[in-house]
Structures are given as structure tokens and as C-alpha cells.
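Descriptive analysis of the structure
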Amino acid sequence: MSEKGTEGVEQSMYKPAIADQLPPETERQLRKSYLLKTDLHLLPPAFAMYFFSVIDRNNIGNAKVAGMDKYLGLHGQQFNWIVSAFFFTYIFCEVPSNLCLRRFGARLWLPFIAVCWSILVGCMAAAKSYGALITVRVLMGVFEAGYVPGFIYVTSFWYTRKQQAPRIALFFSAGVFAGVWAGPLAARLQSIKGSLQGYQYIFIIEACITVVIAAIMLLVIQNYPETATFLTEEERTYALRMLAEDKVSSYRTAYHPRQVVKALSDWTVWGYAVIFWAAATGGATQAIFGPTLISAMGYTSTRAQILSAAPSACGFVSQLISMFLPRLYPRFSVWIMLFSGLACAFYAIIASVENIHVRFAFLCLSNFALSPNMPLVSVWMSNNVLGVTKKGVASACTVMFGGISGLIGAHIYRQKDAPQYRFGHIFVCVCNAVIFLTALLLNLYFRWENKRRDREDVDMDCSTLSEDAIDQMGDNRPDHRYTW
């Protein structure tokens, strides 16, 4: 046995003090109490923060409808470049942010980046020129980049893979739920009578709310189950055993630079990223340009803000439904192909008809089909990628491609294409075709790889290895089978 392998055997894994066999009723009670406490401490602040992070990044679209572009003298493609400026830094800061989260812990890092981006949102109200808006949006991307991949990464320490799925779906539903309220909220804020322009109140008040949520998160959220003060020793011990049985690594596992390389060289990680990018393209463009698309149908500014809630409400419902789909049929690729196929068809209809009522109806249906794919692919990735460092990098890479969608999506609904915006609708239609084909490719590969591992029938007792040695194997450990 190699020196490295010997070291792995000699370093014993964390051994729970509680007996391995507990009465079923005791296990059920411990699991119920652990999940209830964890959900109450983690999910409400995370949901609220994601709700307002989406509003903070997309309220630039509401501000435009409220008259910002006319007040600041924006023209041509300047507004589109202001939108996309956010994503130049958003794309590149997600992996570094996850590494910082690993260093400082979620309790400090997530509230810190939230306060930073909310201050910058407030600065949007003070911006007086095109250049100032570009600068603020670029800086916003630096800090907001880490929130979504950070949450996905954090949940992998607290929940088994089966438990993680509905919680990530619920988390992403906050983003769509934000779309339901962003328009009506902006309509109310822009109507405030004071010394400022209506769009400036949108930025200032929404930024203040985010700071309050960040303060609550600092008080409520905790880093890891091993150190959580809200758990009893019995709950902690049971939870750590439950997580270990599901191949969930603990925070004690060392950082492995080699796993960064493994994640970046694993083509399946980029497959998840492509799906997330294509799904986010539709979601991001509807969140930002939804009021503009509806306004182009002939509705007034305030009415367009309010009506933009309808497509988002449809997306919110479908994301809530997606929480339960993997339990009904645990094949992520099948659900992703189903929803992407529907979205592709709906966008083709929007691009081909002129009746505004039909276009609005299918805009709502398209949001219903678009919304489930981001949480589904995020959970799919988290289920299949093992290794603490590799999972952190993979989750950041996946969401990083969502940033690319914002960069590109900011330019597909062009002013010269108004009022039907056919080019943008066709582009999103093609993106959903890409989702379908990529999910199909991953489906075929994972089924083939699982059969190969079954044929080789490699029998290796991982219980003799240290947690660190097992973590270094990642998803190449012989007892791992991919979810397809």
C-alpha cells in the first residue's frame, strides 16, 4: 500500500458516539427535529436574501420603465450595456467567492457581500451619468456573484442529496417570486412624491431592505452542523451519521487544490453549466425586460410594471412544483428535457404571432416552462459531484455560466426589434433546444458510466479510509453511481 493510502487508513473517520442502531421512532424524531431546526435557521433568511438580490440586480429594468433612461439622457444600446456591465465581474468572481466562503464561513461571508452590493444599489440612485451607472453595476457584480453558488455549496454540508433537492428548488423560487412583486413594488415606490425622481426611490428603499435582511442573516445563520449551537448533541450526532452515510463530507475535510483542476477538467461540470446558462438566459431576460416587452404591447408604464407580475407568478408556481418532481420520478434529465421542450415550443409561438393577447398568454406559459430548470440542474450537479473542494468549484462554475447568460441576454431584446422583439424570442427558443440536447447527452453518458462500474464490480471497503482520503476520490469513488 502506498504511503498516501496508509495514511488514509490510519487517520480514522469521525465516529459518532451514538449507537449505530437506534429505534426507528427515535431516528424519526431526531431526523424531524434536526431538519426543522436547520430549515428554520437556514431557509427563511436565505430565501429572503435571494428574493431581494434578484430585485437588486434587476430593478434597473423597473427604473428604466420609471423614466431613468430619459432623465439621464441614455440612448441607443447604452441601457443594454448598463445591464450587461453587472455580469462582467459576476462571471469571474463566483469561484473566488466560494473559496472565501470556505475560509470565512457562511455566517460572515454571505451577510458581508449582501451589505456591499446593497450599498452599491443605493449608489445607483446617485449616479448622474452613463459612466457612473456602468461603474456601479460592475462593482455590484463582484459582490453579488457569490450568493447563489455559496448557498448551493452551504446546503451540501447540511442536507443529504435527497433532502437538498426541494430546498434548492424553494430557494430558486424566491428569484421568480421576486419577479411577481418587483413590478408592483416598483410601481408603488416610483409614485412616492418627494425631492427625488421616482426611479431613485426604487433603488434606495430596496437597498435598505437588503441591509436589514443581511443583519438578520448574521444573527440567525450558522456555518456547519458540527458547530451549530441550536442542535442538541443527540441531534448533531445523528445528523453527522446520516450525512456521512449519504457521502456528505464535513467542514473538517481539507482544501485540495487538485480537486479544483479536476472540477475544471470534468466535461460533465461544463454540461451542467451550459444547461444553467441556457435556462438562466430566459429567466434573466424576462426578469429585466419583462416590463419592457409588456409595455411594447401598448400598456402604460405603471400598468406594464404591474402586469409583469403575471409571467413571474407562473414561474413561481412551476418552481414550487419542481420541489416534488424528483421524488415523483428521480430522473433529473427527463424533467429538464420536458420543460425545455415546452419552453422551446412556447417561444416559437411568441415569435410567430402578432396578437398581443396571445403573446402575453404564451409569455406566461413560457415562464412556467423556463423556471424549473435552474433548480433542477443545480440539484442534479450537487447530487453527482462529490468532494468538498470539487463541489464548491463545480457549483460556482455552474452559476458562473448564469452570469454569462446575463451578459448575452442584455443584448438580445434590442430596441430596434420593438415592438415584437422576434430576435430575442428566437434566441431563447434556441437556448432551450440546447438545454434539451445537453441533458440528453448527460443522460446517455451517466447511464453508460453506471453500467460500466456495475460490470467492473469493484468492491472497495471505504469505511477503512479517512474522511479526507474518501473526499479526494470525489465522484470516482467505486461505490458512487450517477443520478441521470
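Just above sits the structure.
The rules behind the values
- Residues numbered from 1 in each chain as written.
- Predicted model: local features only at pLDDT ≥ 70, side-chain atom pairs only at ≥ 80, totals over all residues.
- Heavy atoms only, no water.
- Helix = DSSP H or I, 4+ residues; strand = E, 2+ residues; numbered from the N terminus.
- Buried < 20%, exposed > 50% of the residue type's maximum accessible area, 1.4 Å probe, protein only.
- Contact = heavy atoms within 4.5 Å.
- Polar contact = N/O pair within 3.5 Å; in protein donor to acceptor, adjacent residues only side chain to side chain.
- Core = buried A, V, L, I, M, F, W, Y, C linked by side-chain atoms within 4.5 Å.
- Axes fitted to C-alpha atoms, helices over the stretch in contact; angles between N-to-C directions.
- Parallel < 35°, antiparallel > 145°, perpendicular 65-115°, else oblique.
- Left-handed = near helix turned anticlockwise from the far one by under 90°.
- Nonpolar A, V, L, I, M, F, W, Y, C, P; charged D, E, K, R; others polar.
- Phe/Tyr/Trp six-rings, centres within 6.5 Å; stacked < 30°, edge-to-face > 60°.
- Lys NZ or Arg CZ within 6 Å of the ring centre and 35° of its normal.
- Expected span 1.5 Å × (residues − 1).
- Arc of directions from axis to C-beta.

Structurally, the position occupied by Ser97 is in helix H5 (residues 94–104). A residue is classified by how much of its surface remains accessible, and Ser97, at 6% relative accessible area, is buried. Here Ser97 is in contact with Trp109 and Gly146, once residues within four sequence places are set aside.

In this section: unusual backbone geometry. One non-glycine residue, Tyr421, lies in positive phi territory at about 55 degrees. Structurally, the position occupied by Tyr421 is in the loop between helix H20 (388–409) and helix H21 (422–456).

By the secondary structure assignment, Asp266 is in the loop between helix H12 (257–265) and helix H13 (267–295). On the basis of relative accessibility, which here comes to 14%, the residue Asp266 falls in the buried class. Spatially, the C-alpha atom of Asp266 lies 9.9 Å from that of Lys390, the residues being 124 residues apart in sequence. Of the polar contacts made by the side chain of Asp266, one reaches the side chain of Thr268; its length is 2.7 Å.

The next subject is the nonpolar core. Counting residues in each nonpolar core, the largest one holds 133 residues, and the members touching the most others are Met68, Leu110, Tyr147, Trp158, Phe172, Phe203 and Trp380. It is helix H2 (residues 24–65) that contributes the most residues to this core, 14 residues altogether. Ignoring any residue separated from it by four or fewer positions in sequence, one finds Met68 in contact with Ile60, Ala63, Leu74, Phe79, Leu133, Tyr199 and Phe203.

All right, on to the packing of helix H17 (residues 332–352) against helix H18 (residues 356–370) then. Here H17 crosses H18 at 160 degrees, and the two axes come no closer than 8 Å. The pairing of H17 with H18 is recorded here as roughly antiparallel in orientation. The way H17 lies across H18 gives a crossing that is left-handed. Contacts between H17 and H18 involve Phe339, Leu342, Ala343, Phe346, Tyr347, Ile349 and Ile350 from the first element and Arg359, Phe362, Leu363, Leu365, Ser366, Asn367, Phe368, Ala369 and Leu370 from the second. Here the residues of the contact of H17 with H18 are counted per class, giving 13 nonpolar, two polar and one charged.

The subject of this paragraph is the packing of aromatic side chains. All chains considered together, the criterion is met by 35 aromatic pairs. Ring plane angle 15 degrees and centroid distance 6.0 Å describe the contact between Phe104 and Trp109, whose orientation is recorded as stacked. A residue is classified by how much of its surface remains accessible, and Trp109, at 15% relative accessible area, is buried. Residues Phe112 and Phe143 carry aromatic rings whose centres are separated by 6.4 Å and whose planes lie at 80 degrees to one another, so their mutual orientation is edge-to-face. Within this pair, whereas Phe112 is found in helix H6 (residues 106–126), its partner Phe143 is found in helix H7 (residues 130–144), the two being separated by 31 residues in sequence. The partly exposed category is assigned to Phe112, whose relative accessible area is 42%. On the basis of relative accessible area, Phe143 is assigned to the partly exposed category, the value being 23%. Taken together through their ring pairs, the aromatic side chains of Tyr50, Trp117, Tyr147, Phe151, Phe171, Phe172 and Phe276 make up a single cluster. Here Lys64 stacks its cationic end above the ring of Phe79, 5.4 Å away from the centre of that ring. The positively charged end of Arg414 is found above the aromatic ring belonging to Phe423, 4.1 Å away from the centroid.

What follows covers H18. With 15 residues, H18 should cover 21 Å at 1.5 Å per step; its first-to-last C-alpha distance of 20 Å lies within 8% of that length. For H18, every residue scored as buried is listed here: Arg359, Phe360, Phe362, Leu363, Cys364, Ser366, Asn367, Ala369 and Leu370. Its side-chain oxygen 2.9 Å from the backbone nitrogen of His357, Asn355 forms the N-cap of H18.

Next up on the list: the packing of helix H9 (residues 161–190) against helix H15 (residues 309–322). Between two packed helices, what matters for the description is the angle formed by their axes and the separation of those axes. Interhelical geometry of H9 versus H15 gives an angle of 165 degrees and a closest axis separation of 8 Å. Classified by the angle between their axes, H9 and H15 sit roughly antiparallel to one another. The chirality of how H9 crosses H15 is left-handed. Contacts between H9 and H15 involve Ala169, Leu170, Phe172, Ser173, Val176, Phe177, Gly179, Val180 and Pro184 from the former and Ala309, Ser312, Ala313, Gly315, Phe316, Gln319, Leu320 and Ser322 from the latter. Residue composition of the contact of H9 with H15, by class: 11 nonpolar, six polar and no charged.

Moving on, we come to the environment of Pro326. Along the chain, the position of Pro326 falls in helix H16 (residues 325–328). Each C-alpha atom, one on Pro326 and one on Val379, is 9.7 Å from the other, the two residues being 53 residues apart in sequence. Not counting residues up to four positions away in its chain, the partners in contact with Pro326 are Phe332, Trp335 and Leu376.

Let us now look at H5. For H5, the full list of buried residues reads Glu94, Ser97, Asn98, Leu101 and Arg102. The buried residues of H5 all sit within an arc of 145 degrees when viewed along its axis, so they share a single face. Those residues of H5 that are buried lie in contact with helix H4 (78–92), H6, helix H8 (147–158) and H20. Just downstream of H5, Gly105 is the residue with a positive phi angle, here 90 degrees.

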